[in-house]
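# Residue-level structural notes
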Amino acid sequence: MDIFIITLIVILSLLLFILIFILLIGRITFSMSFKRKKGHSVVPSDINIKLDKNWFNSVSKEKVSIKSFDGLTLTGYLIIKDTCSKKFLICSHGYQGRSIELSYFAHKMYDLGYNLLLIDLRGCGDSQGKFLSMGYYESYDLAKWVYFLKDRFNDAIISLYGWSMGAATSMMSLRYLNSSNIKAIVEDCGYDTIYNQLKYVAKSFKHIFGSEIILWCFNFYCKIFNGINIKDGPINYIENSDVPILFIHGGKDDFVPTYMSENLFKKRKYNEKDKFRIFDGSKHAMSLSDYSDEYIKIVDDFLKEKMK
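Residues numbered from 1 in each chain as written. Predicted model: local features only at pLDDT ≥ 70, side-chain atom pairs only at ≥ 80, totals over all residues. Heavy atoms only, no water.

### Some remarks on the environment of Tyr195
So the rule is basically this: Secondary structure counts use DSSP, requiring at least four H or I residues in a row for a helix and at least two E residues in a row for a strand, with both numbered from the N terminus. Exposed residues in this analysis have more than 50% of their type's maximum accessible area, buried residues have under 20%, and partly exposed residues fall in between, with area computed by a 1.4 Å probe over protein chains only. Residues are treated as being in contact if the distance between any of their heavy atoms lies within 4.5 Å.
Relative to the elements of secondary structure, Tyr195 occurs in helix H6 (residues 194–203). Residue Tyr195 is classed as buried on the basis of its relative accessible area, which comes to 11%. Along the sequence, Tyr195 and Gly233 sit 38 residues apart, while their C-alpha atoms lie 8.1 Å from each other. Those residues in contact with Tyr195, other than ones at most four positions away along the chain, are Glu212, Leu215, Ile230 and Lys231.

See the structure below:
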């Protein structure tokens, strides 16, 4: 056989092997990171956030739904405190969570007079979806929830609240929303980009080597098969937005590091309408649990000023 043909076969075989390797690593990482988990607990076992299940189960609420751009039925719970109030707060939970995670926070805000929409993000809770995307598609879904409220309540004054993945989702929704749609965002322990968050988590597992290569394979797979770019994130959309943001983070967060919120705040160039608060000593998503009264007051004061 001609040496050229042999060389070509070897090169093509090597390239095919590399492609299969990349796709295999990408598929495994996708399943570990983005695939919907079955039988998961209400919240991750290492996060002891406050819940108020009794209130959530007993309060009068309406289960509502919308259709996503890709045909998924997404669900939420509409909780009306005051039919005469125009103030609505859309609340988004964290990674692999569900709307009941927000029950303690929701109860506090309900008592302060806010109408609430607690949503199950795609691939979580009662919403459809075989996978989640850490804010990439969820942000588009969240914008559709805003339009849902606008259509149903013409004079609705809407703000967004979320923690962790829900916080990132709220900020990423600014690619579709502005101050004519929403009045403010309260983000608690959100990451700056999906890639940076995955990279940080990967580094925390000392037995994982080559995290950069793994994440490159993961991103390649996500782009080809799911249209997701994991290098996207809130930091790409907040700089020029006119929507005020309250940044909250725990000073000892070892899952989404505190510097990510600091990076986001700096990206805003210290917008005078923004607020930034670190709760010293609190770990990931624990600021509300550790400093309940102060936390709620800071959030309420911020939203009252922006939702006049």
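### Quick word on the packing of helix H4 (residues 138–152) against helix H5 (residues 165–172)
Our working definition: Lines fitted to C-alpha atoms define the axes here, with helix axes fitted over just the stretch in contact, and angles between the N-to-C directions of these axes take values from 0 to 180 degrees. Any angle that is under 35 degrees is reported as roughly parallel, and any over 145 degrees as roughly antiparallel; angles of 65 to 115 degrees are reported as roughly perpendicular and all others as oblique. Crossings are sorted by hand: turned counterclockwise from the far helix by less than a right angle, the near helix makes the crossing left-handed, and turned clockwise it makes it right-handed.
One can describe the packing of H4 onto H5 by two numbers: an axis separation of 8 Å at closest approach and a directional angle of 70°. The angle between H4 and H5 places the two elements in the roughly perpendicular class. Crossing of H4 against H5: the hand is right-handed. Residues Glu138, Ser139 and Leu142 of H4 lie in contact with H5, whose contacting residues are Met165, Thr169, Ser170 and Met172.

### What to know about a positive patch on the surface
Quick note on the threshold: Two joining distances apply to patches: 9 Å for like charges and 5 Å for nonpolar side chains (Val, Leu, Ile, Met, Phe, Trp, Tyr), and every residue must have over 30% relative accessible area and no salt bridge. Using a 1.4 Å probe, the Shrake-Rupley method yields the accessible areas, and only the shown protein chains count as cover for residues. Counted as salt bridges are all cases of a side-chain nitrogen of Lys or Arg within 4 Å of a carboxyl oxygen of Asp or Glu. Positive charge is attributed to Lys and Arg, negative charge to Asp and Glu, and no charge count is given to His or to the chain ends. The atoms used to mark charge sites are NZ of Lys, CZ of Arg, CG of Asp and CD of Glu.
Taken together, Arg27, Lys35, Lys38 and Lys130 make up a surface patch of like positive charges. Residue placement: Lys38 occurs in the loop between helix H1 (3–33) and helix H2 (53–58).

### As for the packing of aromatic side chains
Keep this limit in mind: Here a pair means two rings of Phe, Tyr or Trp (six-membered ring of Trp) with centres within 6.5 Å. Their orientation is stacked below 30 degrees between planes, edge-to-face above 60, and tilted elsewhere. In our convention, an over-ring charge means Lys NZ or Arg CZ found within 6 Å of a ring centre and within 35 degrees of that ring's normal.
In total, this model carries 21 aromatic pairs according to the counting rule given. Considering the side-chain rings of Phe88 and Phe153, the 4.7 Å spacing of their centres and the 35° angle between planes classify their relative orientation as tilted. Pair noted here: Phe88 is in strand S3 (residues 87–92) and Phe153 is in the loop between H4 and strand S5 (157–163), with a separation of 65 residues, a long-range link. Where Phe279 meets Tyr291, the ring centres are 5.1 Å apart and the plane angle is 40°; that geometry is what we call tilted. Within this pair, whereas Phe279 is found in strand S8 (residues 275–279), its partner Tyr291 is found in the loop between helix H9 (287–290) and helix H10 (292–306), the two being separated by 12 residues in sequence. Using a relative accessible area of 0% as the deciding quantity, one classes Phe279 as buried. Through successive ring pairs, a cluster of aromatic residues spans Phe30, Phe34, Phe131, Phe218, Tyr221 and Phe225. If you follow Arg175 out to its NZ or CZ, it ends over the ring of Tyr136, 5.2 Å from the centre. Over the ring of Tyr195 we find Lys231; its NZ or CZ atom is 5.1 Å from the centre of that ring.

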